[in-house]
Amino acid sequence: TAIPIKKAKRTVVEYLTAEAMKLLLEQPDKRTPKGRRDLTLISVLYDSGARVQELIDMRVCDVTLQVPAVLTLTGKGNKTRRIPIMKNTASLLQNYLLENKLDKPWKNQSPLFTNSQYHKLTKEGVTYILSKYVESARKISTLLPPKVNNHMLRHSKAMHLLQAGVNLIYIRDFLGHV
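Rules used in this analysis
- Residue indices begin from 1 for each chain and proceed along its sequence in written order.
- Only residues with pLDDT of at least 70 get local features here, since the model is predicted, and only at 80 or more are side-chain atom pairs given and counted; chain-wide, interface and lining totals rely on the full set of residues.
- Remark: hydrogens and water are excluded; side-chain values derive from all non-hydrogen atoms of the structure.
- Each helix is a run of H or I in the DSSP string that is no shorter than four residues. Each strand is a run of E no shorter than two, and both are numbered from the N terminus.
- Radius of gyration here uses only the C-alpha atoms, and the compact-globule reference equals 2.2 Å multiplied by the residue count raised to the power 0.38.
- Only heavy atoms enter the contact rule, under which two residues are in contact if any of them lie within 4.5 Å.
- Here the open area of atoms and residues is found with the Shrake-Rupley method and a 1.4 Å probe, where only the protein chains shown may cover a residue.
- Any two strands between which DSSP finds at least two bridges are classified as paired.
- Under the pairing criterion, centres of Phe, Tyr and Trp rings, with the six-membered ring standing for Trp, must be within 6.5 Å; the plane angle then separates stacked pairs below 30 degrees from edge-to-face pairs above 60, leaving the rest tilted.
- Here's how the labels work: a residue is buried when its accessible area is under 20% of the maximum for its type, exposed when over 50%, partly exposed in between, all with a 1.4 Å probe on protein chains only.

How do you make sense of the overall build of the chain when you look at a structure like this?
For the chain, the helix and strand inventory stands at 7 helices and 3 strands. Secondary structure elements of the chain, listed N to C terminal, follow the sequence α-α-α-β-β-β-α-α-α-α. In terms of overall size, the chain behaves like a compact globule, its C-alpha atoms giving a radius of gyration of 17 Å where 178 residues would be expected to give roughly 16 Å. For the C-alpha atoms alone, the extent of the chain along its principal axes is close to 70 × 40 × 30 Å. Taking the contacts inside the chain whose residues are at least 6 apart along the sequence as the reference set, 60% of them involve residues at least 24 apart. For the chain, the accessible area works out to roughly 11100 Å², and carbon and sulfur atoms hold 58% of it.

Can you help me understand the sheet that holds strand β3 (residues 80–84) in this one?
To summarise the sheet geometry, strands pair through backbone hydrogen bonds and adopt either a parallel or an antiparallel arrangement. The sheet built from 3 strands is open, its strands ordered β1-β2-β3 with antiparallel pairing. In this open sheet, the two edge strands, each paired with only one partner strand, are β1 (63–64) and β3. Where β1 and strand β2 (residues 70–74) come together, 2 bridges link them in antiparallel fashion. Directly across from V63, in β2, lies its bridge partner L71.

For this particular structure, what's the right way to read the packing of aromatic side chains?
To describe a pair of aromatic rings, you give the distance between the ring centres and the angle between the ring planes. Tallied over the full model, the rule gives 2 aromatic pairs. Taken together, a centroid distance of 5.2 Å and an interplanar angle of 40 degrees make the contact between Y96 and F113 tilted. With Y96 in helix α4 (residues 87–99) and F113 in the loop between α4 and α5 (123–138), this pair connects stretches of sequence that are 17 residues apart. Note on accessibility: Y96 and F113 belong to one class, buried.

As structure tokens, then:
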């Protein structure tokens, strides 16, 4: 007799369209230090496809800006992976490091993103930052889905790579999936 196939409910992977992502990245106020930090944070989160934990665990030494610019992410099971980032993100990071004086050798082990008390950001902190800009984007457009969370930026990056014709094997490795 044949083994019955379990009918698993297929979950739809929610992601932001390229237009919605662009709109979200236009929200932070580039004239303020906090706005520039937030823009850099959202760009890094999207461009690297990082999990939020990977993002908040990033230290200054995990950023390599020499071409090709890469981020070293430490993911589940303490596995590390090196992720290439786009020129725009590298440029935002370069300016962010300089502005926050994180380019000094003794700042190497410092957290990359901090709150106003200079403590490493928490998952809740990142959620708060993202939600703030999702709300302001909603005031101008209906491009964003009803629920937007941090992990959705990871899905969005994967979908945009897939839509650009990138091989699934590469996307899997990029996201640090086994």
